[in-house]
There are 4 protein chains.
Amino acid sequence: MCGIVGVTSKSPVNQLIYDALLLLQHRGQDAAGIVTAVGTKFFMHKARGMVRDVFRTRNMRALPGTIGLGQVRYPTAGNAYSEEEAQPFYVNAPFGLVLVHNGNITNAHALKKELFGIDRRHLNTESDTEVLINILAHELELAARDLPLTAVEVFKAISAVHRRVKGSYAVVAMIAGYGLVAFRDPYGIRPLCIGSMPGADGTEWMIASESVALEGTGHHFERDIAPGEAVFIDMDGQLHAQQCAVAPSLNPCVFEFVYLARPDSVIDGISVYHARLNMGETLAQRVINTLPPNEIDVVIPIPESSRPSAMQLAQKLGKPYREGFVKNRYVGRTFIMPGQSVRKKSVRQKLNAIGMEFKGRNVLLVDDSIVRGTTSKEIVQMAREAGANKVYMASAAPPVRFPNVYGIDMPTNSELIAHGRTTEEIRQYIGCDALIYQDVDAMKRAVSALNPALAGFEASCFDGHYITGDVTAADFDAILTQRSSQPQDEETADRTRLALQNASE
Amino acid sequence: MCGIVGVTSKSPVNQLIYDALLLLQHRGQDAAGIVTAVGTKFFMHKARGMVRDVFRTRNMRALPGTIGLGQVRYPTAGNAYSEEEAQPFYVNAPFGLVLVHNGNITNAHALKKELFGIDRRHLNTESDTEVLINILAHELELAARDLPLTAVEVFKAISAVHRRVKGSYAVVAMIAGYGLVAFRDPYGIRPLCIGSMPGADGTEWMIASESVALEGTGHHFERDIAPGEAVFIDMDGQLHAQQCAVAPSLNPCVFEFVYLARPDSVIDGISVYHARLNMGETLAQRVINTLPPNEIDVVIPIPESSRPSAMQLAQKLGKPYREGFVKNRYVGRTFIMPGQSVRKKSVRQKLNAIGMEFKGRNVLLVDDSIVRGTTSKEIVQMAREAGANKVYMASAAPPVRFPNVYGIDMPTNSELIAHGRTTEEIRQYIGCDALIYQDVDAMKRAVSALNPALAGFEASCFDGHYITGDVTAADFDAILTQRSSQPQDEETADRTRLALQNASE
Amino acid sequence: MCGIVGVTSKSPVNQLIYDALLLLQHRGQDAAGIVTAVGTKFFMHKARGMVRDVFRTRNMRALPGTIGLGQVRYPTAGNAYSEEEAQPFYVNAPFGLVLVHNGNITNAHALKKELFGIDRRHLNTESDTEVLINILAHELELAARDLPLTAVEVFKAISAVHRRVKGSYAVVAMIAGYGLVAFRDPYGIRPLCIGSMPGADGTEWMIASESVALEGTGHHFERDIAPGEAVFIDMDGQLHAQQCAVAPSLNPCVFEFVYLARPDSVIDGISVYHARLNMGETLAQRVINTLPPNEIDVVIPIPESSRPSAMQLAQKLGKPYREGFVKNRYVGRTFIMPGQSVRKKSVRQKLNAIGMEFKGRNVLLVDDSIVRGTTSKEIVQMAREAGANKVYMASAAPPVRFPNVYGIDMPTNSELIAHGRTTEEIRQYIGCDALIYQDVDAMKRAVSALNPALAGFEASCFDGHYITGDVTAADFDAILTQRSSQPQDEETADRTRLALQNASE
Amino acid sequence: MCGIVGVTSKSPVNQLIYDALLLLQHRGQDAAGIVTAVGTKFFMHKARGMVRDVFRTRNMRALPGTIGLGQVRYPTAGNAYSEEEAQPFYVNAPFGLVLVHNGNITNAHALKKELFGIDRRHLNTESDTEVLINILAHELELAARDLPLTAVEVFKAISAVHRRVKGSYAVVAMIAGYGLVAFRDPYGIRPLCIGSMPGADGTEWMIASESVALEGTGHHFERDIAPGEAVFIDMDGQLHAQQCAVAPSLNPCVFEFVYLARPDSVIDGISVYHARLNMGETLAQRVINTLPPNEIDVVIPIPESSRPSAMQLAQKLGKPYREGFVKNRYVGRTFIMPGQSVRKKSVRQKLNAIGMEFKGRNVLLVDDSIVRGTTSKEIVQMAREAGANKVYMASAAPPVRFPNVYGIDMPTNSELIAHGRTTEEIRQYIGCDALIYQDVDAMKRAVSALNPALAGFEASCFDGHYITGDVTAADFDAILTQRSSQPQDEETADRTRLALQNASE
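None of the values given here were measured: they were computed from a predicted structure.

So, the arrangement of the chains
At step 1: Separated in space, chain B and chain C share no contact, their closest pair of C-alpha atoms being 13 Å apart.
At step 2: Where chain A comes nearest to chain D, the C-alpha atoms are still 14 Å apart, and the two do not contact one another.

Below, the structure written as structure tokens:
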């Protein structure tokens, strides 16, 4: 995951982009970067770390200009599909481009071969963002070969990008001396929205991953960028927009609503908070169908993102909602000392139970989702040790059964507790007295009820349906078989990626 | 505020102290430090910043040994009473001492003069902790002048420290080659507790500001250190304890229960979480006496620490509890750019309202306390802009009317909204439709009900009674008058401090 | 000035490039950078500072591969012609190029406009090296448009570079996946030479600014690269060479022999040390013609580079050679403290006189050259204060009368003491009892005697003849007049540069 | 080796101390530190690295005040007698002291035991400087127990220091609020001198290791501090001086004249440069006695410090003096790369021969001294490869036969080429055609001729006579035998030191 932002203004934008990145920090804490421009000259600073650590006064002073963009990146080490290397990326021909990207390109490997062999463009990293910026650069070069660069050529190039690139991509880019460009893949998998603020000298435009970044910086939320749509804000602050995809259809990633986005964001017309309340409501119905209500004394959320669902569920059940777990907000490291054994880390360092809320009670724990199951298992154990009588577990999301290829950091099949297991098998593993999962369709209905205009969801982790059509759930099983019969070295990992992506053409 | 920890073990303690400091990080995010020892040799690392930023692998590797201590410090710049300079502190005569301290010495200025003029000890900072370590050093020198250093001499020295020093102090110290020492002022204003973990080679002891640090690192909570008590753990891991004060009496700082401590800590026999629930319960009674219940549609806490009180209040009122505000967890800076005006920062960058919980409703906002009133005023405004019909405000703590001299960062009289104002005047300033404060006695009863053994509370901010007897509320008014008639330069600040502390002898 | 190096080997090259840069450190102490490659992937590290400060173990470990290049850069801040920004530079299309450059492009401004307007390539700095790499990139793209890239296309592209670019340039570049390229401008102004070391797996090639870098790393000096010649070493270690200029002619910068190069280097067939001896020899003749020999008691060099000339001069005169000045090798800074006046810095902090060598004697001081005259003036004063009877000054180089546009950091006309002044006027300013300058033709003869194949020298500072033909001494006077009648702000500086460079087309 | 400096002024001293440390940088490049004081408050900055790297603007700004001291330290890792840990050192009782020290305490181990066991002072490092500051602190405490601190008490304390401490020590210290103290051991082994500069508000005093630091900062050289003498400059700028040793006698370390000090310094009345000329003169006589003059074509110094001796020698022989070797001034590191073999470093990276000065000639190489012999061997080989016909070697110092215990970094007996070998055996090892050593007595006469007041020299490396009387050459043989029969672990190293130092009581 990443959070991205772009701004054009009449006054300096460095602090504004910084503030917006802080509001998007939950989307990525691994690295951060900002580029600004004065005339055709770019100024960049990027580094690993959180926003407040990456940008010092001297860095901020070296980011002048009234136009710019920024990114925060999620840590995704060791994940074959992950977004690598620090953003923004820069290429100098044609025009001079910088670009930030949230998502994952599924045919990156094939595109790389084209770029290298045919377009003679050099890629120096494994990042699919570097692929994307070079594809855009190449298409801009073609579109504007003998023409001046205007919105027409920009949109022509982005149309070509849509034709060549597969996967998820919400993008903000700058063309040196020309303006700010933003676009979203034809399925609208990753979010992107526009806000504005009127000023004496003209309108300030901000484009960001989530509406909180707009509102938290005082901008008026204008609208979401449509799937396949491109937006170009020229140096005069004029906004041009055009649909650049052939058959766009809005299928946002359902995980944004489950746990990724901030609850106070509104994405594609849906309040994330409201979506979570609705998921709590439908989950309550499943609980009622499974457990006699008088078996439950108290509803306890597992912090943080499950709280709205749990609260609504508790209200629906008519049971007290109590925050029995305290989350440790300050995360540290385990250091490897020479000749010293490592103390086993556990969920206990992240969570602590308040005894009086568990002692002698039947507790219904609510989590937003269950991925590997190991954390759930430890939490159930903690609840028992805190004196709980019976421990029930409810998940606001359905079973996570398949990997994600659209930019969410998710383990492989074999590590997903729900992959190939029944609910009863999972319950036994976790060790709770009952386990209640949200239903896939119920979840989709609960969320889409808030915006009937939605075509559907990118919900492949739950339903195995990969919306871009170039990947299938069967591929992963094949890969899994292949993997387990081969030495898992780096080369293999690469071949694995190759296999998958060749399958997509 | 600070968080402190000390450990004696049979295995390396660097990671353990690091983990404990992370669990105490909420008590101070400005600086962090660790000292360990091998034989008589100390190893220290301290710096400004949060724990995870201050300690890197190379620093951790340079902290060997099975005994050590650490501290996290609160930012207190510009506060005349504040704890300054990075801890731990070190003096090399006698024996070699290192020390960490949570609290504030109220007669530091007079002690400094004694140390400089009579004891000929050099103080190189403005820190009262440097005063404290030198007083301890001097008394250890006297107590063990012609004797070997044993628990007897250590306790004799600490008894002398209690006689000379006034104010609040929870302390952990190491004597090179002898062991770990911990003690608490005779009123027990700041918390300190002991935990243990059995091991094959002997018991591992941990002493920490809060019980979460013990439990989060797998230690069994043994007990609180009593007011005036000293504990000495020698190099064999033997724990010695003795009351070293003449008339100790347990009067913990009530602010620990209001908002300082983690809810999952138990301090002086009282669950902080339970104390907050009780405060919500008594506050509910005040609300009922003030407002017709049907005037309230929903109870909304102002995150974070007011949640338990608000939850209990809502339950007592029979009204829905809703988390209508989302807190921005990632805090950044406002950079001063040459020739650039600074964007006004507001509560909006820290909090965001979820519209659907406010629209058309009468909301009762609950905060843990109201200090300057400026934040409350902005929050009320935000609630109205989010569409609230009526906005009521309730404070789980009584009006804050007086400064704090025991180590809590609190503004001066003139900045306290409740200093010299009626509740109606405050309500008008804040702009809410009703304002309900907790009652001082009700608060004390609500918390002390959980441990009848308590003598009382250090609650000077609320009741103007300074328990160490060397400061009075009248002093502050005198200072205030003096201040406003003088240029507020550094020298003045110093003279102010002088005046106060001279008054205390 | 800069020092550059490139290596292709069968084993890792990071340490080798590092060692070579140390041997070239005298050519630039402001910044340093290395790029290596594995396959088509580049690894780069560059920063301001000296080589030993810029490269730490972690940086070196991140520079894998058996091919690479590096650079050290001279500080040239505030000089309109200076080489700016850290090298190496990188462009990703076509192929992926990195490049280091020693010299200065005199038509950079005009090329920039072509690149931006016609080639649509983005330049993000003021560096002429960025211009050069983009010209090379563009010409490579054209040369290999529909062809595979071989030595033929590489040489075709470099021929085009020679046609478009004016000024001085010794260049080493890498083409990702293809090999190492090196070339020198058609006048051979800046030096570049090739060395080799046989190995079990094949020959290791090193290309460097000076022969000391080859020999100090154990390489056999092969030959200088000819003016206009290009060398391409492919991935198999095969060296291809071709003359790419139309009418090349060897005119090395005479300043390399005067003071830039290390005495133990051999440049274009001439031992720098020997050249300096010869200059001392011819200077001796001028001294004899000016002063009665018995008027001179001792010959004292002004360290460092004048020592060989002074030694030979002393021998020729039959006078003792004595090192009466000690140079302070450790240079520091003068810090600006708020509200504190700055102690005046003087030559005394760089040089110290040994009294016994001056007291009561007639001394002949020998310097390599006299630029501003301010240092000479102070040194004469020091000699007098040390007790010298008479103080004569001799300069191994002729009067410096004109600015340099080929990459040597030299002040403008108005700051050159010899610009428009007679020798007697200069003598009066410096305050010595006699002043003897080398003669321009004598200097040229003294050096060229060591290699009759030389066409001539780039000696514009002395003779006002700018060999590339696009700049004339008259231009500088025009600029100077213009400058003095205009506010000297940044914009003016830019216009100045523009004027000069437009004049060159 | 170290360089130390102290200043009392009427204006800020930070830049002044910085400039002085630069002038002393040749005495130590491993670490640097400065302490200044305002009133009784000390400000310190120290770190590893050279002066220009250690002090940045922010560090300099944090060093206010008109009194202060500083130090540069030589790298002495792995030498049992070496000065460890960064200086200045600080102790806070009594008064507050900071101290810098050049030299080595030979009874440090015994003193440590006294400090720990009797004085109960904690030592946290292996540094003998920490021992020294604690001895001084303890004696100041005793001397001024019931008295005000004046020059009388300071001199009483230093007299006691002289009685307790053995070895070499030139010291500058500050007593917070009282003034600057400087003293030199009773044999005056390490240098220390005083300079002054008159000012409108009073005299500025500077105390430094060498006279160049005084003169290079514009101070008038007053005099050397006498052996055993102490100097105290009080807060009014009044200088008090007193002899504090019982039987002082001036025996400066002869190595200062051989190669340590800068040639332009005057130490204990002797010009270092003149001393080197004299050594060249007497060495010439030895050469004449050994070799037929017509066998020598040219005299070539091995840079840097042998140049004056070689120049004088050449003149005496009537042979040309030629600088045939060029020293590489920029020293780097050899990085250890995982799985990569290390390129062998050689003298060739530090020195380069200029072929034309060697080819076909009989060369007489002159070095200041020969320690291990390995470098000499390589240099002879380089001369031969450069084409020399015959290669003779002359050493301006006599054979180095014994270790140094007074602060000079010198290898152990077994590594000294001259330990137990005849000149012929050494010549064979080095591989030269003739080897001429200075004679011990001739050297002493040559230097002492310049100041007849000298009692003698600390010349133990050459004559085996350890002037402080607590160490004998025989001890080292005993240790050597012991060492070779024992595992050379850290504990052994410690025991070795113990044995030596116990022998001294």
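Additional details are given in the paragraphs that follow.
Regarding the interface of chain C and chain D
At step 1: Every contact between the two is made by 60 residues of chain C and, on the other side, 60 residues of chain D.
At step 2: Taken together, both faces of the contact between chain C and chain D bury some 5,500 Å²; the carbon and sulfur share is 51%.
At step 3: Where chain C packs against chain D, one counts 4 salt bridges.
At step 4: Notably, a salt bridge pairs Arg-307 of chain C with Glu-323 of chain D, separated by 2.9 Å at the nearest N-O pair.
At step 5: For the pair chain C and chain D, the interface holds 24 residue pairs in polar contact (both at pLDDT 80 or more).
At step 6: Listing elements by their share of the side of chain C that touches chain D, those giving two or more residues are helix H1 (14-23), helix H2 (51-54), helix H3 (57-61), helix H7 (211-216), helix H9 (272-290), helix H10 (307-317) and strand E17 (325-327) of chain C.
At step 7: It is H1 of chain C that contributes the most residues to the side of chain C that touches chain D, 7 residues altogether.
At step 8: Of the residues belonging to the side of chain C that touches chain D, the class tally is 25 nonpolar, 18 polar and 17 charged.

Thoughts on the relation of the copies chain C and chain D
At step 1: Between chain C and chain D, which share one sequence, the superposing operator has a rotation angle of 180° and an axial displacement of 0.0 Å; the RMSD is 0.1 Å. Interpreted geometrically, this transformation is the action of a two-fold axis.
At step 2: Counting the interface residues of chain C, we find that 100% of their copies in chain D are interface residues as well, pointing to one common contact surface.

Details of the packing of aromatic side chains
At step 1: Considering all chains together, one arrives at 42 aromatic pairs over all chains under this definition.
At step 2: An angle of 45° between the planes, with centres 6.4 Å apart, marks the rings of Tyr-406 of chain A and Tyr-466 of chain A as tilted. Here the residue Tyr-406 of chain A occupies a position in the loop between strand E20 (390-395) and helix H12 (423-430), and Tyr-466 of chain A occupies one in the loop between helix H14 (460-463) and helix H15 (473-484), the gap between them amounting to 60 residues. Exposure class is identical for Tyr-406 of chain A and Tyr-466 of chain A. Each is buried.
At step 3: Taken together through their ring pairs, the aromatic side chains of Tyr-18 and Phe-55 of chain A together with Phe-335 of chain B make up a single cluster.
At step 4: Positioned above the aromatic ring of Phe-89 of chain A is the side chain of Lys-46 of chain A, whose terminal nitrogen or guanidinium carbon lies 5.2 Å from the ring centre.
At step 5: The side chain of Lys-377 of chain C reaches across the aromatic face of Tyr-429 of chain C, ending 4.3 Å from its centre.

Here we look at the domain arrangement of chain A
At step 1: Domain annotation of chain A identifies domain 1 (3-249) and domain 2 (276-455).
At step 2: A C-alpha centroid distance of 35 Å is found between domain 1 of chain A and domain 2 of chain A.

Considering the relation of the copies chain B and chain A
At step 1: After a rotation of 180° and a shift along the axis of 0.0 Å, chain B superposes on chain A with an RMSD of 0.1 Å.
At step 2: Take the interface residues of chain B: 100% of them recur as interface residues in chain A, which is what a same-surface contact looks like.

Quick word on the environment of Ala-247 of chain D
Residues and elements named next belong to chain D.
At step 1: Checked against the element boundaries, Ala-247 lands in the loop between strand E13 (239-243) and helix H8 (255-260).
At step 2: In this structure Ala-247 comes out as exposed when scored by relative accessible area, which is 60%.
At step 3: Put simply, Ala-247 and Ala-434 are 187 residues apart on the chain and 44 Å apart in space, counted from C-alpha to C-alpha.

About the criteria used
Residues numbered from 1 in each chain as written. Chains lettered and ligands numbered in written order. Predicted model: local features only at pLDDT ≥ 70, side-chain atom pairs only at ≥ 80, totals over all residues. Heavy atoms only, no water. Contact = heavy atoms within 4.5 Å. Buried area = accessible area lost by both parts, 1.4 Å probe. Salt bridge = Lys/Arg side-chain N within 4 Å of Asp/Glu carboxyl O. Polar contact = N/O pair within 3.5 Å; in protein donor to acceptor, adjacent residues only side chain to side chain. Helix = DSSP H or I, 4+ residues; strand = E, 2+ residues; numbered from the N terminus. Nonpolar A, V, L, I, M, F, W, Y, C, P; charged D, E, K, R; others polar. Least-squares fit on C-alpha atoms with pLDDT ≥ 70 in both. Phe/Tyr/Trp six-rings, centres within 6.5 Å; stacked < 30°, edge-to-face > 60°. Buried < 20%, exposed > 50% of the residue type's maximum accessible area, 1.4 Å probe, protein only. Lys NZ or Arg CZ within 6 Å of the ring centre and 35° of its normal. Domains from an automatic or database assignment.

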